[in-house]
Amino acid sequence: MTGIVLIIAAVLTGCGSSTPLDGPEDVMRIYRTSCLSCHGTELQGRVGEQTNLQQVGNRLSEEDIRTRIEQGGDIMPDFKSKLKPEEIEALAAWLADKH
């Protein structure tokens, strides 16, 4: 059982990734708990090319990213009821800087 817990913890924290997530700890916590399962440890996307966030700031403005997080779209669920407005704001600002 302990081995399984360690493996899950390693996957969720991005252990062993060549380009670990970097940013403010509060934003990284939000990303790890709400985004990592679909968008990956390197923002590479795990559910098709449209989930790749490595250069999302080139495709979407901060406002567009905020709206997508709040309302969802395509295959992405909405997070308006799951995240606080300030968490959405911080996550959108961080992602908008990805070029």
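Above: the structure in question.
What you see is a predicted model; the values in this text were computed from it and never measured. (Residues numbered from 1 in each chain as written. Predicted model: local features only at pLDDT ≥ 70, side-chain atom pairs only at ≥ 80, totals over all residues. Heavy atoms only, no water.)

A.B. asks: Give a detailed account of the overall build of the protein chain, specifying residues and quantitative values.
C.D. replies: Check the secondary structure of the protein chain and you find six helices and zero strands. Reading the protein chain from its N end, one meets helices and strands in the order α-α-α-α-α-α. Relative to its full complement of 99 residues, the protein chain shows a buried share of 32%. Long-range pairs, those at least 24 residues apart, make up 46% of the contacts in the protein chain with a sequence separation of at least 6. (Helix = DSSP H or I, 4+ residues; strand = E, 2+ residues; numbered from the N terminus. Buried < 20%, exposed > 50% of the residue type's maximum accessible area, 1.4 Å probe, protein only. Contact = heavy atoms within 4.5 Å.)

A.B. asks: Break down the packing of aromatic side chains for me, with residues and values.
C.D. replies: Taken as a whole and judged by the stated rule, the model has one aromatic pair. When the centroid spacing of 5.7 Å and the interplanar angle of 65° are considered together, the rings of Tyr-31 and Trp-94 count as edge-to-face. You can see Tyr-31 sitting in helix α2 (residues 25-34) and its partner Trp-94 sitting in helix α6 (residues 85-96), a full 63 residues away along the chain. Here Tyr-31 and Trp-94 have matching classes, each one buried. (Phe/Tyr/Trp six-rings, centres within 6.5 Å; stacked < 30°, edge-to-face > 60°.)

A.B. asks: Requested: an account of α6, with residues and values cited.
C.D. replies: In this model α6 runs 16 Å from its N-terminal to its C-terminal C-alpha over 12 residues, within 8% of the 16 Å that 1.5 Å per residue would give. Among all positions of α6, only Glu-87, Ile-88, Leu-91, Ala-92, Trp-94, Leu-95 and Ala-96 are buried. Of the surrounding elements, those touching the buried residues of α6 are α2, α4 (56-59) and α5 (62-71). (Expected span 1.5 Å × (residues − 1).)

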